[in-house]
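Topology and contacts: notes
Here are the chains, one letter per residue:
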Amino acid sequence: MAQTLGEDLVQDDSSSLGSDSELNGPSPYRQADRYGFIGGSSAEPGPGRPPADLIRQREMKWVDMTSHWGKTMSRRYKKVKMQCRKGIPSALRARCWPLLCGARVCQQNSPGTYQELADAPGDPQWMETISRDLHRQFPLHEMFVSPQGHGQQGLLQVLKAYTLFRPEQGYCQAQGPVAAVLLMHLPPEEAFWCLVQICELYLPGYYGPHMEAVRLDAEVFAALLRRLLPRVHRHLQRAGAGPLLYLPEWFLCLFTRALPFPTVLRVWDAFLSEGAKVLFRVGLTLMRLALGTAEQRRACPGLLETLGALRAIPPSRLQEEGFMAQVHSVALSERDLQREIRVQLAQLPRSSAGPPPQPRARLPGARAIFEAQQLAGARGGAKPEVPRIVVEPPEEESRPPRRKPQTRGKTFHGLLTRARGPSVEAAPRAHRSSASFLDTRF
């Protein structure tokens, strides 16, 4: 299964440049857009893009939140989630992404680790595979055009470092576009730690040799389709389009090959904040856009037509603002997702070799990662406790407890006026002077 998925990703070389462009670079008349893609169509703000003053307001909000990140995540995470749904400003993604996924803490706790991995010689088996895949990662981006440029060389170092950091997992072709997007925004060391967090906390079991989590999530996605989009699910069954034919490319590459790049960045903002449920919401939205109407399904009678429709959604329907509004409106909560995962995990077929695979539990987003890191820091005692000087007052003399008068059913006025029998003059009450108060208090 893992070899089949990997071969599909390797064979998909439709996005690579020709040999002339790879060797000689882009033509001089082709300019890069605001995201760095040569000849791209994102040079100007697209329809529905927020105005400049609103973007500036969001930038100031993010600067304020990231300046006090611990307090923000502890007390105002709902605000962080809502701001991520609106989209992190492009100028601040390099600051926000490592904080959201916890890569900043990992880098601080392991100083020098990435440099040691980058300087160490890599496994020849993985180095050969990685080198063959470098030119496939965004060949139309100005960072990755030249084989000797800093983009491809940085990508080589990041992917090699991960194979040395987790030799039992090695390298998966789908890690290439994920690491490339990170390198577009971050230095290599921060990109490496973000890749580690994505592979181990957000999507554990996705990039390993068996990809057991991908197979499980394929069954979960099919079950969600059956519940939320039953007509689309029946059409996919009739056409023989199982989830493993389209879902790995979506989820493993985090939709980098399925959506316009501005929309990809918005998906990543929400994904790093809320976790894997965002991927399911995006997948369900794509299904509805591609096969949601009866006319669309009639136009796709077979397998090839159905898979082609999933790749041929009009770009106008994938623009960031409108598309993300549909994504966040999908009725899928974290509780619903976890319940379906448990159901599908219990239904996995048992093999003769042993029990079904048990993928590692993943953390549902930035808040869970923050709390886990805070707990780990408290247990590890990273910061020594500063002794505090406590001044205690001297002990007071023991006094008998005061007894509350029984006034139930009576009034204070009645206690004074309803005296039966001859009145008895009460003994004069001792009055504490200031001197005696000071003597007993101090």
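Every chain is numbered independently, its residues counted from 1 as its sequence is written. Confidence filtering applies because this is a predicted model: local features only for residues at pLDDT of at least 70, side-chain atom pairs given and counted only at 80 or more, and all residues used for totals across whole chains, interfaces and linings. To get the side-chain values, take all heavy atoms of the structure and skip hydrogens and water.

Before going further, it helps to spend a moment on the confidence of the model for the chain. A low pLDDT score tells you not to read the predicted coordinates there in detail. Scored between 0 and 100, pLDDT is the confidence that the predictor attaches to each residue. Taken residue by residue, the chain gives an average pLDDT of 82. The fraction at 70 or more is 75%. When the criterion is pLDDT under 50, residues 1–29 qualifies, and its contacts beyond four places in sequence or with other chains add up to 40 contacts. Contacts: residue pairs with any heavy atoms within 4.5 Å of one another. Within the model, the stretch residues 409–442 combines pLDDT values under 50 with 6 contacts to residues more than four positions away or in other chains.

Turning to unusual backbone geometry, a few remarks are in order. The phi angle at Met211 is positive, at roughly 55°, despite the residue not being glycine. Helix and strand definitions here come from DSSP, where helices need a minimum of 4 consecutive H or I residues and strands a minimum of 2 consecutive E residues; each element is numbered from the N-terminal end. Mapping Met211 onto the fold places it in the loop between α12 (188–202) and α13 (212–228). In this structure, Phe255 is a non-glycine residue whose phi angle is positive, near 65°. Summarising the element assignment, Phe255 is placed in the loop between α15 (247–252) and α16 (261–274).

Nonpolar cores were defined as sets of buried Ala, Val, Leu, Ile, Met, Phe, Trp, Tyr and Cys residues, with membership established by side-chain atoms within 4.5 Å. Burial here depends on accessible area, computed with a 1.4 Å probe over protein chains only, as a share of the maximum for the residue type. Under 20% is buried, over 50% is exposed, and the range in between is partly exposed. Leu182, Leu203, Phe221, Trp250 and Met287 are the most contacted members of the largest nonpolar core, which totals 113 residues. Take this core: its biggest share by element is 10 residues, from helix α17 (residues 277–291).

Once that is clear, we can look at the state of the cysteines. Note that a disulfide, as used here, is simply two cysteine sulfur atoms within 2.5 Å. Tallied over the full model, the rule gives 0 disulfides. In this model Cys96 remains outside any disulfide bridge; the closest cysteine sulfur is found in Cys84, 7.3 Å from its own.

Another point: the environment of Gly208. Counting through the fold element by element, Gly208 comes out in the loop between α12 and α13. Residue classification places Gly208 among the buried residues on the basis of a relative accessible area of 14%. Along the primary structure Gly208 and Tyr171 are separated by 37 residues, whereas in three dimensions their C-alpha atoms are 7.8 Å apart.

Bringing the pattern of salt bridges into the picture now. Note on definitions: salt bridges are taken to be side-chain nitrogens of Lys or Arg within 4 Å of carboxyl oxygens of Asp or Glu. One pass over the full model with this rule turns up 16 salt bridges. One salt bridge connects Asp217 with Arg362, and the closest N-O pair in it is separated by 2.8 Å. Note that Asp217 is positioned in helix α13 and Arg362 in the loop between α21 (334–346) and α22 (366–380), a separation of 145 residues in sequence. Asp217 sits in the buried class, given a relative accessible area of 2%. Classification of Arg362 by relative accessible area gives buried; the value is 15%. Residues participating in the shared-partner salt-bridge network are Arg85, Glu274, Lys277 and Arg281.

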